[in-house]
Amino acid sequence: MSGHKITGFLGVIPRTAERLLPDMAAQICENAILSSGELRPMRKPYQAHVPSVVAQMFAAYRAFDGTTEKWRTWQFDVDVAKAAISPDVEQRYYWTGDGCPRYATFTNFGITDWALGLPAPTTVLTVTPSGGSGATVSRFYVYTFINDKGEESGPNTVSALTSGKVDGTWTLSGFSAAPTNDRVIAYNQTGLKQRLYRTAGDNAAFQLVAERAASAANWADTTTDATMLGDDMMSDGWAPPPVALKGLISLPNGALAGFYKNQLCFSEPYQPHTWPTAYRFQCESDIVGIAAYGTTVVACTKTRPYVADGVEPSSVTLQAVSEVWPCLSKGSVCSVGDGVVFATKHGLAYVGLQGSNIMSRDIFTVEEWAPMDPATMATRVANGRLYLRYKAVTSAQAQLLRIDRGEAAQVTMLTADCNALYVDPLNGELYVISQEVYLHDSLYGSRNVFVWRSKEIELQQPLNLGAGLIEWVGTMTETEIQSAYALRQLDIDTNQATIDALVAVGAFNQIGFNTDPVNGAFGIINPRAFEEYVTYSLLDHGVPVASVDVLPGRPFRLPAGYKTDVVAHQLTGNVRVKYLKVAETMDGLRQV
């Protein structure tokens, strides 16, 4: 072979040796978009939100109502879910990880938080019937609390069975005026009321008798069975969620789910404030993280994953997966549509409709996986792609990968030193979180610089590749070019001001050459920030032998005086590369 052509660029497959990679796969692939078959630059992250507190953030959420948005960020791991509730009431947002489980309406988001749920009354009613001339009946009484958001508590302990006249006055005493607040953040008691329920006639169900503003005062029940409101009590067994509930997610059946130690917990469907104890299921070991596909929840534990199946919480069955795959990172637990993935020491595990497997097995061996430190991993799916954040054992900065699943599993490295990932449930976009929140690969960001290095290509015999050609097209708009020029000029002006200030006090000449880092004292001027370019590098057994700035569609010469039988090609730039051709001679390029 006297020459070859590279087109249809692919990503990295770390487990495969450099010379055994598929023809268009890469040894290095950074900040590149490969979905079109061309090599295209990604855009840099675009600043979407600046928190009022300057600190490292580990969670973010964007609430949106009409044209108004509200961001919240946290300096620790928090999970936020928007519950499915009636469109007639104001949107509500629920979260765990910030003390006890909390919620807020859109109006109060970031202003006022309430503890999630209402505890049941703790006192038992005393029932004293008097008067009346009708038939003698026996009754049980209970009462609940309900606030202005329509959130009702479970009932108190049932009163003793009491007999009296059906048309008499039944005096009830022993009410609590408010629920006991056992959480750091108070329960929402705005507009708090009490609801009184009793059994009636042959109906064993508790039915609504009356409702009043919450009070400790006695209540005289003179309502006959015929004039009762009659609504059955629905809140038997309702309770607030565990104080230490974590990992909150929203399910399509209207329920929320979370976990506490080894318990997988569910809320009542469409009643996110209440978490019945009957909807709590035990795993053999503590849960690390949860995620769902459809209404199926996968609980990833410190030993093996569990699958909770059921159309609604009352019908859930919990089964353990046979594989012992301890989950190493809560942030790595993520839904991928037909299943859930999570980080283990063996790789990225999958549990879902396709069974269970190590999804990353075709990309990473344990030898490549372990140094990435799975305990630091976070995964999220955006725009059909799986993103994985990790912090390698030997690195001071976090890294971000994009993993393409399917027949040609491959990886692309992305520039994003971040603490966490967030996918907006409204726009589906990926955000990276550090001290600020950035929209990843945004249309508003400037062009990044990609680096792509081909596999090691074995030639049939040692050759001197002397000519090449790259077909490429620019990507920057005139506005982007002007913006880049402006940023470069700002760096120049800032440097000049620094020099002028030093000269004014006679200090500049006191700085010896090679004693201070230039970029430590002055702004970094990137001479290529406004330039569209591709730099081609030729490698001989991994060692660079040539580096050339390439004009679009124009042949270029490579140095003579060497021959090699193993080459690799590296492209660095910020444009759309359609293909690369290399040959021994300029005439040979025409034959490739």
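Preceding block: the structure.
About the cut-offs
Residues numbered from 1 in each chain as written. Predicted model: local features only at pLDDT ≥ 70, side-chain atom pairs only at ≥ 80, totals over all residues. Heavy atoms only, no water. Pairing = 2+ DSSP bridges. Helix = DSSP H or I, 4+ residues; strand = E, 2+ residues; numbered from the N terminus. Axes fitted to C-alpha atoms, helices over the stretch in contact; angles between N-to-C directions. Buried < 20%, exposed > 50% of the residue type's maximum accessible area, 1.4 Å probe, protein only. Polar contact = N/O pair within 3.5 Å; in protein donor to acceptor, adjacent residues only side chain to side chain. Contact = heavy atoms within 4.5 Å. Phe/Tyr/Trp six-rings, centres within 6.5 Å; stacked < 30°, edge-to-face > 60°. Lys NZ or Arg CZ within 6 Å of the ring centre and 35° of its normal. Salt bridge = Lys/Arg side-chain N within 4 Å of Asp/Glu carboxyl O. 1 Å grid on protein atoms, 1.4 Å probe; cavity = no way out; pocket = protein on both sides within 12 Å on 5 of 7 lines; lining within 4 Å. Points joined across faces, edges and corners; volume = space filled by probe spheres on them.

Chemist: Go over the sheet that holds strand S37 (residues 430-433), please, and point to the residues and values.
Modeler: Read across the sheet, 4 strands follow the order S5-S38-S37-S36 without closing on themselves; strand pairing throughout is antiparallel. Strands with a single pairing partner mark the edges of an open sheet, and in this sheet they are strand S5 (46-49) and strand S36 (420-423). Looking at each pair of strands side by side, their axes are set apart by 35° on average, direction ignored. Sheet topology places S37 next to strand S38 (residues 437-439); 3 bridges connect them, and they run antiparallel. Pairing of valine 432 across the sheet is with tyrosine 438, part of S38.

Chemist: Help me get a handle on the side chain of threonine 301, residues and values and all.
Modeler: Positionally, threonine 301 belongs in strand S25 (residues 296-301). Judged by relative accessible area, threonine 301 falls into the buried class, the value being 0%. At a separation of 3.0 Å, a polar atom in the side chain of threonine 301 contacts the main-chain amide nitrogen of threonine 303. A polar side-chain atom of threonine 301 sits 2.6 Å from the main-chain carbonyl oxygen of arginine 304. Contact partners of threonine 301, with chain neighbours within four places excluded, come to Cys283, Ser285, Asp286, Ile287, Val288, Tyr306, Trp325, Pro326 and Cys327.

Chemist: Any chance you could break down the packing of aromatic side chains for me, citing the residues and the numbers?
Modeler: In the structure shown here, the tally under the stated rule is 20 aromatic pairs. Aromatic pair tyrosine 61 and phenylalanine 109: ring centres 6.2 Å apart, planes at 70°, arrangement edge-to-face. Pair noted here: tyrosine 61 is in strand S6 (residues 59-65) and phenylalanine 109 is in the loop between strand S10 (99-105) and strand S11 (114-115), with a separation of 48 residues, a long-range link. Sitting over the ring of phenylalanine 109, arginine 72 keeps its end group 5.7 Å from the ring centre. Just above the ring of phenylalanine 175 sits the side chain of arginine 212; from NZ or CZ to the centre is 4.6 Å.

Chemist: Could you give an account of the pattern of salt bridges, with specific residues and numbers?
Modeler: By the definition in use, this model includes 23 salt bridges. Among the ionic pairs, aspartate 77 bridges to lysine 330, the shortest N-O distance being 2.8 Å. Within this pair, whereas aspartate 77 is found in the loop between strand S7 (68-74) and strand S8 (79-82), its partner lysine 330 is found in the loop between strand S27 (317-320) and strand S28 (334-335), the two being separated by 253 residues in sequence. Ionic contacts of the salt-bridge type, sharing partners, join the residues Arg72, Asp98, Arg102 and Asp113 into one network.

Chemist: For the pairing of strand S35 (residues 410-414), give the residues involved together with the corresponding values.
Modeler: The element S35 is extensively covered by neighbouring structure, given that 4 of its 5 residues are classed as buried. One ladder, built from 5 bridges, connects strand S34 (residues 399-404) with S35; its direction is antiparallel. Within the sheet, the bridge partner assigned to leucine 401 lies in S35 and is methionine 413.

Chemist: Give a description of the layout of surface pockets that names residues and reports values.
Modeler: As a volume, the largest pocket reaches approximately 1,200 Å³. Together, 46 residues line the largest pocket, and Asp79, Val80, Leu248, Ile249 and Arg380 are the ones closest to its centre. Contributing elements (two or more residues each) for the lining of the largest pocket: S6, S8, strand S20 (246-250), strand S24 (287-293), S28, strand S32 (378-382) and S36. Here the element with the most residues in the lining of the largest pocket is S24; it accounts for 5 residues.

Chemist: Please provide a residue-by-residue account of unusual backbone geometry, values included.
Modeler: Residue lysine 261 is not a glycine yet carries a positive backbone phi of 50°. Of note, lysine 261 is situated in the loop between strand S21 (256-260) and strand S22 (263-266).

Chemist: Run through the sheet that holds strand S16 (residues 169-173), naming residues and quoting values.
Modeler: Strand order in this open sheet of 3 strands is S12-S16-S19, and the pairing throughout is antiparallel. In this open sheet, the two edge strands, each paired with only one partner strand, are strand S12 (126-130) and strand S19 (219-221). Across this sheet, the average inter-strand angle for adjacent strands is 25°, counted without regard to direction. Where S16 and S19 come together, 3 bridges link them in antiparallel fashion. Counted as the bridge partner of tryptophan 170 is aspartate 221 from S19.

Chemist: Summarise the side chain of threonine 274; cite the residues concerned and give the values.
Modeler: Relative to the helices and strands, threonine 274 is located in the loop between S22 and strand S23 (280-282). A distance of 3.0 Å separates the side chain of threonine 274 from the backbone nitrogen of alanine 239, its partner in a polar contact. When neighbours within four sequence positions are excluded, threonine 274 is seen to be in contact with Trp238, Ala239, Ser267 and Glu268.

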